[in-house]
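Spelled out from the first residue to the last, the chains are:
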Amino acid sequence: MKKRLRKKLEIKEFYRPWFAITAEIQPMAEGDQADFVSRFIAAAEALDMICEGAIGDTDLEVAFDTGRLATANAERRQQFLDQIQSWPEIVKIEATELQ
């Protein structure tokens, strides 16, 4: 398979590992939830991860792109999880392994 097609399909050396989390969060006022969402996104971006998903009133489902292969993907995943598990807004969290 040609390099251009591998890059477009993100396979082989262009594969980008990812993981997903689902969490139960405490209900918050509108301003507090906006602050929570911005802190959540900033925490992911600080570790060079891209996040995509939905954050509702009492739950969230988000997938994270951890970057290219062999770039400390597992370490960044664990750092992010350690950081957000200590937040008081998060009641319960479940995360998948790197895919």
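All of the points below concern the structure found in this document. (Residues numbered from 1 in each chain as written. Predicted model: local features only at pLDDT ≥ 70, side-chain atom pairs only at ≥ 80, totals over all residues. Heavy atoms only, no water.)

## Some points on a negative patch on the surface
Phase 1 of the analysis: Negative charge collects at one region of the surface, where Glu24, Asp57, Asp59 and Glu61 lie side by side.
Phase 2 of the analysis: Looking at the element boundaries, Glu24 is found in strand β1 (residues 18-25). (Patch = residues over 30% accessible without salt bridge, like charges linked within 9 Å, V, L, I, M, F, W, Y side chains within 5 Å. Areas by Shrake-Rupley, 256 points an atom, 1.4 Å probe, with all protein chains shown as cover. Salt bridge = Lys/Arg side-chain N within 4 Å of Asp/Glu carboxyl O. Lys, Arg positive; Asp, Glu negative; His and termini not counted. Charge placed at Lys NZ, Arg CZ, Asp CG, Glu CD. Helix = DSSP H or I, 4+ residues; strand = E, 2+ residues; numbered from the N terminus.)

## With respect to the pattern of salt bridges
Phase 1 of the analysis: On inspection of all chains with the given rule, the structure shows four salt bridges.
Phase 2 of the analysis: Put simply, Glu89 and Arg39 hold a salt bridge, and the shortest N to O gap is 2.6 Å. With Glu89 in the loop between α3 (73-85) and β4 (90-95) and Arg39 in helix α2 (residues 30-46), the pair connects residues that are 50 residues apart, well separated along the chain.
Phase 3 of the analysis: A salt bridge links Glu97 to Arg77; the shortest N-O distance between them is 3.9 Å. Remark: Arg77 occurs in helix α3 and Glu97 occurs in the segment after β4; sequence separation between them is 20 residues.
Phase 4 of the analysis: Classification of Glu97 as exposed rests on a relative accessible area of 55%.
Phase 5 of the analysis: Several salt bridges share partner residues, and in doing so they unite Asp35, Arg39 and Glu89 into one network. (Buried < 20%, exposed > 50% of the residue type's maximum accessible area, 1.4 Å probe, protein only.)

## As for the packing of aromatic side chains
Phase 1 of the analysis: In this structure the tally under the stated criterion is seven aromatic pairs.
Phase 2 of the analysis: Ring geometry for Phe19 and Phe64: centres 5.0 Å apart, planes at 15 degrees, overall stacked. Taken together, the residues span a long stretch of sequence, with Phe19 in strand β1 and Phe64 in strand β3 (residues 59-65) at a distance of 45 residues. Across the pair, Phe64 and Phe19 agree in class, each one buried.
Phase 3 of the analysis: Centre to centre, the rings of Phe64 and Phe80 are 4.8 Å apart; their planes meet at 55 degrees, and the pair counts as tilted. Placement of Phe64 in strand β3 and of Phe80 in helix α3 is noted, with a sequence separation of 16 residues between them.
Phase 4 of the analysis: With relative accessibility at 0%, the residue Phe80 sits in the buried group.
Phase 5 of the analysis: Here the aromatic residues Phe19, Phe36, Phe40, Phe64, Phe80 and Trp87 are joined through ring pairs into a cluster of three or more.
Phase 6 of the analysis: Between the NZ or CZ atom of Arg39 and the centre of the ring of Trp87, over which it lies, the distance is 4.6 Å. (Phe/Tyr/Trp six-rings, centres within 6.5 Å; stacked < 30°, edge-to-face > 60°. Lys NZ or Arg CZ within 6 Å of the ring centre and 35° of its normal.)

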